[in-house]
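Now for the letters of each chain:
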Amino acid sequence: MLPQNNILFKGISSDDCARMIKCFNADIRKYKAGNCIAELSECTDRLGIILSGSAVIVRYDVNGVRTIIESVEEGGVFGTFFTYNILRRSSVEIIGETDCEIMFVRRSEITKRCENACLCHSKVVENLLEIMSENTVRLSQRIDVLSQRTIESRLISYLQIIEDKTPDGKTPQIPFSTTALSDYLCVNRSALQRQITKMKRAGTLTISKRRFRLNLCNEDHSVS
């Protein structure tokens, strides 16, 4: 499966994409849901591209407390090169949310000077800078979510981000289970479930499985 629709290879033809994958000595592997795809402290020179499936990026602190940093869907890219600073007292892992197929590419293969000075190689480097910029935006949004003082405000803030990213005509969908969502929001699972139930009864949230709709027009739910 060629990843030409992936942001890293955006604007590159399928033929050039196939040629560059061979040039980059890409390594494609398959993982089962729940398996650890990578430990970021051990793959600092690699980028992972999700060809199929989805995964979550999970941080464990010194006490073993789990926090989900973000969800990475099909076409997403992960790696310490442009995303995370690994601390000695914590670890960050990529865990398969579903069965996944991952393509690994070494950053040194991407950033090295191309002997042929080909335009498609320059385009990949340009796309890599775009990924870095988008990750900065996502991390800023996460800070905004976690800066909210209540569970309701954190939940609304996060759901509004999902709504804003959802294309017109499609129903917004939470990429996490309730347990994973509580880890992402850094709140107690039972307390989060109670808050979701409360919002459903109040009519401010309609949710079916992971698909949802916010109904905040008649109430002030400022998350600023």
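The notes below deal with the structure included here. Chains are numbered independently. Their residues run from 1 in the order of the written sequence. pLDDT decides what is reported in this predicted model: residues at 70 or higher carry local features, side-chain atom pairs at 80 or more are listed and counted, and totals for whole chains, interfaces and linings draw on all residues regardless. Derived side-chain values reflect all non-hydrogen atoms in the structure, with water molecules and hydrogen atoms excluded from consideration.

Helix and strand labels come from DSSP, where a helix needs a run of H or I of at least four residues and a strand needs a run of E of at least two; each type is numbered from the N terminus. A tally of regular secondary structure across the protein gives six helices and 10 strands. Think of it in three bands: with a 1.4 Å probe and only protein chains considered, a residue is buried below 20% of the maximum accessible area for its type, exposed above 50%, and partly exposed in between. Counting the 224 residues in the protein, one finds 45% classified as buried. Put simply, the protein shows about 12,600 Å² of open surface, and 46% of that area lies on carbon and sulfur atoms. Surface accessibility follows the Shrake-Rupley procedure with a 1.4 Å probe radius. Residue values consider only the protein chains on display as shielding.

Along strand β10 (residues 211-214), the buried face is formed by F212 and L214; none of R211 and R213, which line the opposite face, is buried. Pairing between two strands is assigned when DSSP locates at least 2 bridges connecting them. As paired strands, strand β9 (residues 205-208) and β10 are joined by four bridges and run antiparallel to one another. Opposite I207, over in β10, you have F212 as the bridge partner. Taking the residues between adjacent antiparallel strands as the criterion, β9 and β10 are bridged by two residues, where K209 takes a positive phi near 60°.

Turning our eyes to something else, we now look at the packing of aromatic side chains. Side-chain rings of Phe, Tyr and Trp (the six-membered ring for Trp) are treated as a pair once their centres are within 6.5 Å; stacked means planes under 30 degrees apart, edge-to-face means over 60, and tilted covers the remaining angles. The tally for this structure, following the rule as stated, stands at four aromatic pairs. Summarising the aromatic geometry, the rings of Y158 and Y184 are spaced 4.7 Å apart at their centres and angled 45° between planes, so their arrangement reads as tilted. Of this pair, Y158 sits in helix α4 (residues 151-165) while Y184 sits in helix α5 (residues 178-185), and the two are 26 residues apart along the sequence. Judged by its relative accessible area of 8%, Y184 is buried. Within the aromatic cluster, the residues linked to one another by ring pairs are Y158, F176 and Y184. Positioned over the ring face of F104 is R46, at 4.1 Å from the centre of the ring. Sitting over a ring, as applied to charges here, requires NZ of Lys or CZ of Arg to be within 6 Å of the ring centre and within 35 degrees of the ring normal. The positively charged end of R142 is found above the aromatic ring belonging to Y184, 4.4 Å away from the centroid.

Turning to the pattern of salt bridges, a few remarks are in order. Criterion for a salt bridge: a side-chain nitrogen of Lys or Arg within 4 Å of a carboxyl oxygen of Asp or Glu. A full pass over the atoms with the stated rule returns seven salt bridges. The salt bridge involving R210 is made with E97; its shortest N-O contact spans 3.6 Å. With R210 in the loop between β9 and β10 and E97 in the loop between β7 (91-96) and β8 (100-106), this pair connects stretches of sequence that are 113 residues apart. Between E126 and K123 there is a salt bridge, with its nearest N and O atoms 3.3 Å apart. Within this pair, E126 and its partner K123 are both found in helix α3 (residues 119-146), separated by three residues, close to a single helical turn. Using a relative accessible area of 24% as the deciding quantity, one classes K123 as partly exposed.

The side chains of a regular strand alternate between both faces of the sheet. The buried count for strand β3 (residues 46-52) comes to six of seven residues, which makes it a mostly enclosed element. Sheet analysis places β3 next to β8, joined by six bridges and oriented antiparallel. Bridge pairing in β8 places R46 opposite R106. Note that β3 and strand β6 (residues 77-78) share two bridges and pair antiparallel. From the neighbouring strand, I49 faces β6, where its bridge partner is V77.

On to the sheet that holds strand β4 (residues 55-60), then. If you walk across this open sheet you meet the four strands as β2-β7-β4-β5, and the pairing is antiparallel. Here the strands that pair on one side only, and so sit at the sheet edges, are β2 (36-39) and β5 (66-72). This sheet shows a mean twist of 25° between the axes of neighbouring strands, independent of strand direction. Sheet topology places β4 next to β7; six bridges connect them, and they run antiparallel. Looking at β7, one finds that A55 is bridged to G96. Angles run from 0 to 180 degrees between N-to-C directions of axes, and those axes are lines fitted to C-alpha atoms, restricted for helices to the stretch in contact.

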